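Examining the three-dimensional arrangement
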Amino acid sequence: MPADRHHRPRWIGLAFFGLTAALLALCLLIGGASRLNGTQLTILELASLPLLGWAMWRITREGLWPTLKAPAVILLGIVLVAVIQLVPLPPGLWSSLPGHAEPAKALALAGVEIGWRPLTLTPDLTVTHLLALLPATALFLAAVLLRASQQAWLMAIIVAFALISLSLGAMQVIDGQDSSLYLYPFVNRDNAVGLFANRNHQASMMVAALPLAAAAAAIARDRRVPPIPLWVALGVVFLVIIPFVVILKSRAGVLLLVPSLIASLAILWPPRGGLPGVGRNGVLALAAVIVIGMLIGGVFALGPVLDRFAEAQEGRLLSGPIAARAAWDLMPLGSGLGSFPDIYAGVEPLDMIAASPWQQAHNDYLQLWLEAGVPALIVILLFLAWWAWAGAGAWRAPTESRSILARAGAVAVGLMLIHSFVDYPLRTPAMMAVFAVACAALATAGRRSRRSGG
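Given the structure is predicted, the values throughout are model-derived calculations rather than measurements. (Residues numbered from 1 in each chain as written. Predicted model: local features only at pLDDT ≥ 70, side-chain atom pairs only at ≥ 80, totals over all residues. Heavy atoms only, no water.)

**Some details on the overall build of the protein chain**
Across its full length, the protein chain holds 17 helices and 2 strands. For the protein chain, buried positions account for 53% of its 454 residues. Long-range contacts, defined here as pairs at least 24 residues apart, represent 77% of the contacts in the protein chain between residues at least 6 apart. (Helix = DSSP H or I, 4+ residues; strand = E, 2+ residues; numbered from the N terminus. Buried < 20%, exposed > 50% of the residue type's maximum accessible area, 1.4 Å probe, protein only. Contact = heavy atoms within 4.5 Å.)

**Overview of the packing of helix H15 (residues 364-396) against helix H17 (residues 429-443)**
Contact geometry of H15 with H17 gives a least axis separation of 10 Å together with a crossing angle of 55°. Taken together, the axis directions place H15 and H17 in an arrangement best described as oblique. Relative to H17, the crossing made by H15 is left-handed. Every residue of H17 that contacts H15 at Phe383, Trp386, Trp387, Ala390 and Gly391 is listed here: Phe435, Cys439, Leu442 and Ala443. (Axes fitted to C-alpha atoms, helices over the stretch in contact; angles between N-to-C directions. Parallel < 35°, antiparallel > 145°, perpendicular 65-115°, else oblique. Left-handed = near helix turned anticlockwise from the far one by under 90°.)

**What about the nonpolar core?**
Core analysis: the largest hydrophobic core is formed by 120 residues, its most contacted members being Leu24, Leu28, Leu154, Met205 and Phe238. In terms of residues, this core owes the most to one element, helix H9 (residues 199-222), which gives 16 residues. Every residue in contact with Leu154, bar those within four places of it in the chain, is listed here: Phe17, Thr20, Ala21, Leu24, Ala143, Leu146 and Val437. If you look at the next biggest cluster of nonpolar residues, it comprises 12 residues, including Ala327, Phe340, Ile343 and Leu366. (Core = buried A, V, L, I, M, F, W, Y, C linked by side-chain atoms within 4.5 Å.)

**A short note on the environment of Ile380**
Note that Ile380 resides in helix H15. Judged by relative accessible area, Ile380 falls into the buried class, the value being 16%. The sequence separation of Ile380 and Tyr365 amounts to 15 residues, and the corresponding C-alpha distance is 8.1 Å. In contact with Ile380, other than residues within four places in its own chain, are Tyr365 and Leu368.

**Side note on the pattern of salt bridges**
Pairing between side chains becomes possible if they bear opposite charge and their charged atoms approach one another. Under the counting rule described, the total for this entry stands at 3 salt bridges. Linking Lys105 and Glu102 is a salt bridge whose minimum nitrogen-to-oxygen distance equals 3.8 Å. With Lys105 and Glu102 both in helix H5 (residues 101-109) and 3 residues apart, the pair spans about one turn of that helix. On the basis of relative accessible area, Glu102 is assigned to the exposed category, the value being 55%. Asp364 is the salt-bridge partner of Arg427, the closest N and O atoms lying 2.6 Å from each other. Highlighted residues: Arg427 in the loop between helix H16 (401-419) and H17 and Asp364 in helix H15, separated in sequence by 63 residues. On the basis of relative accessible area, Arg427 is assigned to the buried category, the value being 16%. (Salt bridge = Lys/Arg side-chain N within 4 Å of Asp/Glu carboxyl O.)

**Regarding the side chain of Ser403**
Residue placement: Ser403 occurs in helix H16. Among the polar contacts listed, one links the side chain of Ser403 to the backbone oxygen of Pro398, at a separation of 2.8 Å. If we skip the residues at most four places from it in the chain, Ser403 touches Ala394, Ala397, Pro398 and Ala445. (Polar contact = N/O pair within 3.5 Å; in protein donor to acceptor, adjacent residues only side chain to side chain.)

**Some details on the confidence of the model for the protein chain**
On average, residues of the protein chain carry a pLDDT of 87, and 90% of them reach 70 or more. With pLDDT under 50 throughout, residues 450-454 is counted as low confidence; its partners more than four residues away or in other chains account for 15 contacts. (pLDDT = per-residue confidence, 0-100.)

**Thoughts on the packing of helix H3 (residues 69-85) against H15**
Between H3 and H15, the shortest axis-to-axis distance is 10 Å and the interhelical angle comes to 170°. The angle between H3 and H15 falls in the class roughly antiparallel. Touching Ala70, Pro71, Ile74, Gly77, Ile78, Val81 and Gln85 of H3 are Glu371, Ala372, Pro375, Ala376, Val379, Leu382, Phe383 and Trp386, all from H15. Considered class by class, the residues forming the contact of H3 with H15 number 12 nonpolar, 2 polar and 1 charged. (Nonpolar A, V, L, I, M, F, W, Y, C, P; charged D, E, K, R; others polar.)

**Brief notes about helix H10 (residues 227-248)**
Between its first and last C-alpha, H10 extends 32 Å over 22 residues, near the 32 Å set by a 1.5 Å rise per residue. Backbone geometry just downstream of H10 places Lys249 in the positive-phi region, at approximately 65°. (Expected span 1.5 Å × (residues − 1).)

**Some details on unusual backbone geometry**
The amide bond that connects Met331 to the next residue, Pro332, takes the cis arrangement and shows omega of 5°. By the secondary structure assignment, Pro332 is in the loop between helix H13 (314-329) and helix H14 (340-347).

**Thoughts on the packing of aromatic side chains**
Throughout the structure, instances matching the rule amount to 5 aromatic pairs. With 5.1 Å between their ring centres and 85° between their planes, Phe16 and Trp54 make a pair best called edge-to-face. On the criterion of sequence distance, the pair formed by Phe16 in helix H1 (residues 10-30) and Trp54 in helix H2 (residues 38-61) is long-range, its members being 38 residues apart. By relative accessible area, which is 24% here, Trp54 ends up partly exposed. Aromatic side chains Tyr365 and Phe421 sit 4.3 Å apart centroid to centroid with 35° between the ring planes, which places their arrangement in the tilted category. (Phe/Tyr/Trp six-rings, centres within 6.5 Å; stacked < 30°, edge-to-face > 60°.)

**What about the side chain of Arg402?**
Among the secondary structure elements, Arg402 is positioned in helix H16. For Arg402, which is buried and forms no salt bridge, the nearest opposite charge comes from Glu400, at a distance of 6.1 Å. In this structure the side chain of Arg402 is engaged in a polar contact, spanning 3.0 Å, whose partner is the backbone oxygen of Leu146. (Lys, Arg positive; Asp, Glu negative; His and termini not counted.)

Right, here's the structure in full:
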């Protein structure tokens, strides 16, 4: 019989929320790189373990697993994709798998006995990928246990760190390309990358933060926060982030900015019978702020942005078909999570070899197909189906706290999913954390909002 959540002491609920918020803040602070950050990633993984255990215990004790059927199945599928690749296989079977014949010959020439080996060609990196899921998994499971107001606070934390990253980025540019303010050794040193190593990931954070800011503001108004300071603060967030995204010159960021802004206004626009504190005049004023922000961005960066769109992208365009052919040759199970650089280096034409080798495919769907084959594609399709179904349900549902948060979560997730077609934002722990919080809001769309309890 599920435990009664309402009998739990208030301080326990606050401690649980505090631990969740602390892990989220830590991910956003030190999780801005997708590689060469082993120390930071280890810190995040270890820090996530107490929250992960506590969240799983609470979900089990409170009988909430049945309410998380689809997300739980998808999460289990993600873990199984990695775990299956680590199961040892007999030598004959291992050598006969697509993509394994050449490594088997190399081992034989070196006089090394093949023995029982896992499916993945890069077992150490596959383990790394599996462990890297811990922080985001902990945040998702913890966030689904939170009240609507607490989920809104998590979104506010994300927005706050977006502004911190923006401010740090501005100081990096002012300090010059040799600035010590850049946090990672391999970064876009001519850009305001802030807490990230890549301007595209910085831009992804900014565009995802806008609908989350809108939802957090809507929930704050429902809690009777004074309207004028709230709308001013929200206006400042939009007025700062919009031109910053343009100035970053991230093509994906600029293209995703428009749907992000439209969705943010839609989240705030109050239908009849909606949240009492969200007025249409405030939304219209925010729309005017958006126009001003776009004009400011255009004045300062329209020329450089157009130049960026005019730049040739032959490397990325030509590498896609090459990686796709490799993925097809490795069907149905792929070569192993983390193996993309080695596999691509083996199939890349000599006339395309660059000074800096490809570490990622710049298309996460293609890379997952190459590395994990059909199982990864199945999990991706299941997730997309759940996201579309849950997101549509959130927009159709009556306007209340949970549905507003779910709408923002659906938009933020959608923006990151689209960006993943041309980049790899979700390979950074920071963006994985944002993704986890957004998914948690979407997963709890139908839950009754509570103003009390843990």
